[in-house]
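The primary structure of each chain is shown beneath.
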2 protein chains.
Amino acid sequence: MCQLLGMNCNVPTDICFSFEGFSARGGKTDHHSDGWGIAFFEGKGCRLFLDEKPSITSPIAELVRCYAIHSTHVIAHIRKATQGEVALHNCHPFRRELWGRYWVFAHNGNLPEFEPENMGFYQAVGNTDSEKAFCMMLETLREQFPEGKPTLDKLYSVLRKVTDKLALLGIFNYLLSDGEHFFAYCSTKLSYIVRQAPFAAAHLIDQDMTVDFREVTTERDRVAVIATTPLTDNEVWTQIQPGELLVFQDGLPLKYAFT
Amino acid sequence: MCQLLGMNCNVPTDICFSFEGFSARGGKTDHHSDGWGIAFFEGKGCRLFLDEKPSITSPIAELVRCYAIHSTHVIAHIRKATQGEVALHNCHPFRRELWGRYWVFAHNGNLPEFEPENMGFYQAVGNTDSEKAFCMMLETLREQFPEGKPTLDKLYSVLRKVTDKLALLGIFNYLLSDGEHFFAYCSTKLSYIVRQAPFAAAHLIDQDMTVDFREVTTERDRVAVIATTPLTDNEVWTQIQPGELLVFQDGLPLKYAFT
């Protein structure tokens, strides 16, 4: 049913290690081989790589594994199709512009019988429940805040409501970011880890690969990696509780409660 | 001041040969080295590769040169910055969704003092005249046809008007496509060639490379390549006249006149 991978950090960092493990689940160690995608924010800019080929065989995924793109906000997805055929237009993450920023979204789950009305602004290009849900979320945000992006507490409040509404319809784990804020919602299954000093070595589950983060970081670095299931077998990951909508900033989940 | 490259064909075709020559102009044979991008339509899906690094050194451009992606509608761009700093968010082509389709746009030129009002739907993420013009064009189309994509003649009529308005402000050569229709506007400089049976060999100007198209095509294939200046030195290219807005379909410019 797809898997999600996200990264949020306080300094631009590459995701090659995590993506190496994650992309193996797209056809090698697991069956999420109906396409994949990854989006990197660099300032206001956003690079989006997509392919309907499995991540384990896609030459574009091979480039992403090898070419270190540094970013503070990354969202990736490997697809196991539930709704919508295997095709480029149905690959996540999806991207739209709102308030003069790019917004990127990826979903793990299924919203059966989800047929929203066409709200007028954003329309799905493909035929996944995921893209339709994303369109609805952005539509709602735009309607509520027509003048521009609000403060985080107001944004969170509206996002929370539309998330709750959608989560009632099925399984709705997601990652959402505009390169400034990073949201992770656990409907059923999502975990994260924060890596910071003192760093240590990490070993992937899906590839026999270890990185000693002490060699590639500074004392000030902090990186949160969010994934459907843990990517490493020698670290302690935190399970996000079902119903929790977390906001990550500078490599940490924000601690204060939003209403 | 940037260069444009486009391809429209009747069967999905790769653009590797043309892109090999074109991307050399991004830092090797010419100075359009302030970023580049290329968009490929595959059905309703759209792949967009962007980099602020010069196309001649970008590893992503190297992938695009080597990995044959087949498409019927392709738009590419190499940048020599006039307005807006060198950054990912200012690289063309730009992409937005309208009427449930992705629209892609790239511009060669300069619209000095172009500061459109914020029309409410689409806002530029970056600060180029090009992206602002694209937003205005899509905004206008959306306002005129709120129910959905109109027939080509109606679409063309509105596109023609907003193009004329923008072209008064400066230099406005552009390529625009939604994967179904392909528009090429010549403000000052744009050429094209149609390759069809009987095919022949073509030799690039910017790289010492020849392809014999008889070896890689069938009798039925037809490919139009549109570029700011010709890419080959042994073929006859057609110069588009300033003020002409052409519609390409199945590898040919449509012959009947639009009003």
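No experiment lies behind these values; they were computed from the predicted model shown.

Calculation notes
- Residues numbered from 1 in each chain as written.
- Chains lettered and ligands numbered in written order.
- Predicted model: local features only at pLDDT ≥ 70, side-chain atom pairs only at ≥ 80, totals over all residues.
- Heavy atoms only, no water.
- Least-squares fit on C-alpha atoms with pLDDT ≥ 70 in both.
- Contact = heavy atoms within 4.5 Å.
- Buried area = accessible area lost by both parts, 1.4 Å probe.
- Salt bridge = Lys/Arg side-chain N within 4 Å of Asp/Glu carboxyl O.
- Polar contact = N/O pair within 3.5 Å; in protein donor to acceptor, adjacent residues only side chain to side chain.
- Axes fitted to C-alpha atoms, helices over the stretch in contact; angles between N-to-C directions.
- Helix = DSSP H or I, 4+ residues; strand = E, 2+ residues; numbered from the N terminus.
- Nonpolar A, V, L, I, M, F, W, Y, C, P; charged D, E, K, R; others polar.
- Buried < 20%, exposed > 50% of the residue type's maximum accessible area, 1.4 Å probe, protein only.
- Pairing = 2+ DSSP bridges.
- Phe/Tyr/Trp six-rings, centres within 6.5 Å; stacked < 30°, edge-to-face > 60°.
- Lys NZ or Arg CZ within 6 Å of the ring centre and 35° of its normal.

> Whenever I open this one, the relation of the copies chain B and chain A confuses me. Can you help?
Copy one and copy two of the chain differ by a rotation about an axis and a translation along that axis. It takes a turn of 180° to lay chain B on chain A, together with a shift of 0.0 Å along the axis; the resulting RMSD is 0.0 Å. The two molecules are tied by a two-fold rotation axis, judged by turn and shift. In this assembly the copies share their binding face: 100% of the residues contributing to the interface of chain B also contribute to that of chain A.

> Looking at this model, I keep getting lost on the interface of chain B and chain A. Mind explaining?
Interfaces are often sized by the amount of accessible area the parts lose when they come together. Listed by partner, the interface residues are 33 residues for chain B and 33 residues for chain A. When chain B packs against chain A, close to 2,800 Å² is buried across both sides, 54% of that on carbon and sulfur atoms. In this assembly, chain B and chain A are joined by six salt bridges. The shortest N-O distance in the salt bridge between B:Asp51 and A:Arg47 comes to 3.2 Å. The interface formed by chain B and chain A includes 16 residue pairs in polar contact (both at pLDDT 80 or more).

> Just checking my understanding: could you explain the packing of helix α1 (residues 16–24) of chain B against helix α2 (residues 59–66) of chain B for this structure?
Pairs of packed helices are described in terms of their axes, by the angle between the two and the distance that separates them. Residues and elements named next belong to chain B. Where α1 contacts α2, the axes come no closer than 8 Å and their chain directions differ by 145°. Contact residues: Cys16, Phe19, Glu20 and Ser23 in α1; Ala61, Val64 and Arg65 in α2. Residue composition of the contact of α1 with α2, grouped by class: four nonpolar, one polar and two charged.

> Explanation requested: the pairing of strand β3 (residues 45–51) of chain B in the structure shown.
Looking along a regular strand, one sees side chains alternate from face to face of the sheet. All names here are of chain B. In terms of burial, β3 is a largely internal element, seven of the seven residues being buried. Along β3, one buried face is formed by Gly45, Arg47, Phe49 and Asp51 and the opposite face, lined by Cys46, Leu48 and Leu50, is buried too. Where strand β2 (residues 36–42) folds back on β3, the antiparallel hairpin that results is connected by two residues, among which glycine 43 adopts a positive phi of roughly 65°.

> Where do I start with the pattern of salt bridges in this structure?
Opposite charge on two side chains lets them pair, provided their charged atoms get close. If you walk through the whole model with that rule in mind, you get 28 salt bridges over all chains. Where A:Arg65 meets A:Glu62, a salt bridge forms, and the shortest distance between an N and an O atom there is 3.1 Å. Taken as a pair, A:Arg65 and A:Glu62 lie in helix α2 (residues 59–66) at a separation of three residues, close to a single helical turn. Each of A:Glu42, A:Arg47, B:Asp51 and B:Glu52 takes part in one network of salt bridges that share partners.

> Is there a simple way to explain the packing of aromatic side chains in this structure?
Given two aromatic rings, one states the distance between the centres and the angle between the planes to describe the pair. With the rule as written, the count across this model stands at 30 aromatic pairs over all chains. Relative to B:Phe213, the ring of B:Phe17 lies with its centre 5.6 Å away and its plane at 85°, an arrangement referred to as edge-to-face. Of the two residues, B:Phe17 is situated in helix α1 and B:Phe213 in the loop between β11 (210–212) and β12 (222–227); the sequence distance between them amounts to 196 residues. For B:Phe17, a relative accessible area of 7% translates into the label buried. The buried category is assigned to B:Phe213, whose relative accessible area is 11%. Consider the rings of B:Phe105 and B:Tyr174, whose centres lie 5.5 Å apart with planes at 40°: the pair is tilted. Remark: B:Tyr174 occurs in strand β7 (residues 171–177) and B:Phe105 occurs in strand β6 (residues 101–110); sequence separation between them is 69 residues. Side by side, B:Phe105 and B:Tyr174 carry an identical accessibility label, which is buried. In this structure an aromatic cluster arises from ring pairing among A:Phe105, A:Phe134, A:Phe172, A:Tyr174 and A:Tyr185. A cation over a ring is seen here: A:Arg95 above A:Tyr102, with NZ or CZ 3.9 Å from the ring centre. Directly above the aromatic system of A:Phe121 lies the positively charged group of B:Arg142, at a separation of 6.0 Å from the ring centroid.

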